[in-house]
Amino acid sequence: MATKLECAINCLVEVFHKYSLTGGHPHALSREQFGKLLEKECSEFTKKSKKTVPEFMKELDINQDGFINFEEFLILTLKMVIEHHEDSHKE
Amino acid sequence: MENCTMEKALDIIVNTFHHYSTRVGNPDTLVKGEMKQLITKELPNFIKNAKDLQDVKHLMQELDTNQNGQVDFKEFSMMMARLTMATHEKMHENAPDKDHHSHGPGLEGKGGSSCGSGHGHGHSH
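Residues numbered from 1 in each chain as written. Chains lettered and ligands numbered in written order. Predicted model: local features only at pLDDT ≥ 70, side-chain atom pairs only at ≥ 80, totals over all residues. Heavy atoms only, no water.

- Chain B goes by Protein S100 in an unreviewed UniProt entry, where it is assigned to Monodelphis domestica.

- The name given to chain A in an unreviewed UniProt entry is Protein S100-A8, and the organism recorded there is Monodelphis domestica.

And the structure:
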């Protein structure tokens, strides 16, 4: 039986695919798909950062192909989890 | 995982880290014993199947990039990212249908699944 933490890690994979599989390449988020992911999954994080979708795209799209692939998405989750940890000490 | 959302997943990662980091010494870092307990209790299926992460001492050295003998949250988050990559790769290896984009169980392995979302047992497209 998978543990809570293991399921949380699998969940991160699931979140990416929830948006990437709605069209186009199965392992890439278009600007539109990425925008939806940010809006639905990361609303608090994006609000606090005050960055726009194109600004996030520019920051994360390391290979500059105009899409966010799974590895690039993981960079976003790293930034978010580190901020989440810092916030947990402010509460 | 029931109703998997990014926020819930991140919550679990932070809470699990603190559950072990607060036990000995600095309450916001993991020493070797805490890391070992965390892996044994919280990642028994994932680390068992990830051969390169088996040795806790080696894992500590690998993660402890500032070399202070402890793993802080930033260092720990790299392990989470590596496991996310690894479980994703495993989902494709275990996919029932290699021709389409589909996933099988991740690092938890076949028969060890049930994260309660209906995911992990192959969604074909």
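Alright, that's what it looks like, and here's the rest.
**Looking at the overall build of chain B**
- For chain B, the helix and strand inventory stands at five helices and two strands.
- Going from N to C terminus, chain B has its helices and strands arranged as α-β-α-α-α-β-α.
- Residues counted as buried form 49% of the 125 residues belonging to chain B.
- Of the roughly 6200 Å² that chain B leaves accessible, carbon and sulfur atoms contribute 49%. (Helix = DSSP H or I, 4+ residues; strand = E, 2+ residues; numbered from the N terminus. Buried < 20%, exposed > 50% of the residue type's maximum accessible area, 1.4 Å probe, protein only. Areas by Shrake-Rupley, 256 points an atom, 1.4 Å probe, with all protein chains shown as cover.)

**Quick word on the state of the cysteines**
- As enumerated under the stated definition, the model contains two disulfides over all chains in all.
- One disulfide bridge connects Cys7 of chain A with Cys115 of chain B, the sulfur atoms lying 2.1 Å from each other. Taking the sign of the S-S torsion, -85 degrees for the link of Cys7 of chain A and Cys115 of chain B, the bridge is left-handed. You can see Cys7 of chain A sitting in helix α1 (residues 4-20) and its partner Cys115 of chain B sitting in the segment after α5 (73-93), one on each of two chains. Judged on exposure class, the residue Cys7 of chain A and its partner Cys115 of chain B are both buried.
- In this model Cys11 of chain A forms its disulfide with Cys4 of chain B; the gap between the sulfur atoms is 2.1 Å. (Disulfide = S-S within 2.5 Å.)

**Overview of the packing of aromatic side chains**
- Tallying each qualifying case throughout the model produces seven aromatic pairs over all chains.
- When the ring of Phe70 of chain A is compared with that of Phe73 of chain A, the centres are 6.2 Å apart and the planes differ by 35 degrees; the resulting orientation is tilted. Of this pair, Phe70 of chain A and Phe73 of chain A both sit in helix α5 (residues 70-90), three residues apart, which is roughly one turn of the helix.
- A relative accessible area of 3% places Phe70 of chain A in the buried class.
- The buried category is assigned to Phe73 of chain A, whose relative accessible area is 0%.
- Residues Phe73 of chain B and Phe76 of chain B carry aromatic rings whose centres are separated by 6.0 Å and whose planes lie at 45 degrees to one another, so their mutual orientation is tilted. Of the two residues, Phe73 of chain B and Phe76 of chain B are both situated in helix α5; the distance of three residues between them amounts to about one turn of the helix. Across the pair, exposure class does not vary: Phe73 of chain B and Phe76 of chain B are buried alike.
- An aromatic cluster is present here, built from Phe16, Phe70 and Phe73 of chain A joined pairwise through their rings.
- In this structure, Lys51 of chain A packs its charged tip against the face of Phe56 of chain A, placed 5.3 Å from the ring centre. (Phe/Tyr/Trp six-rings, centres within 6.5 Å; stacked < 30°, edge-to-face > 60°. Lys NZ or Arg CZ within 6 Å of the ring centre and 35° of its normal.)

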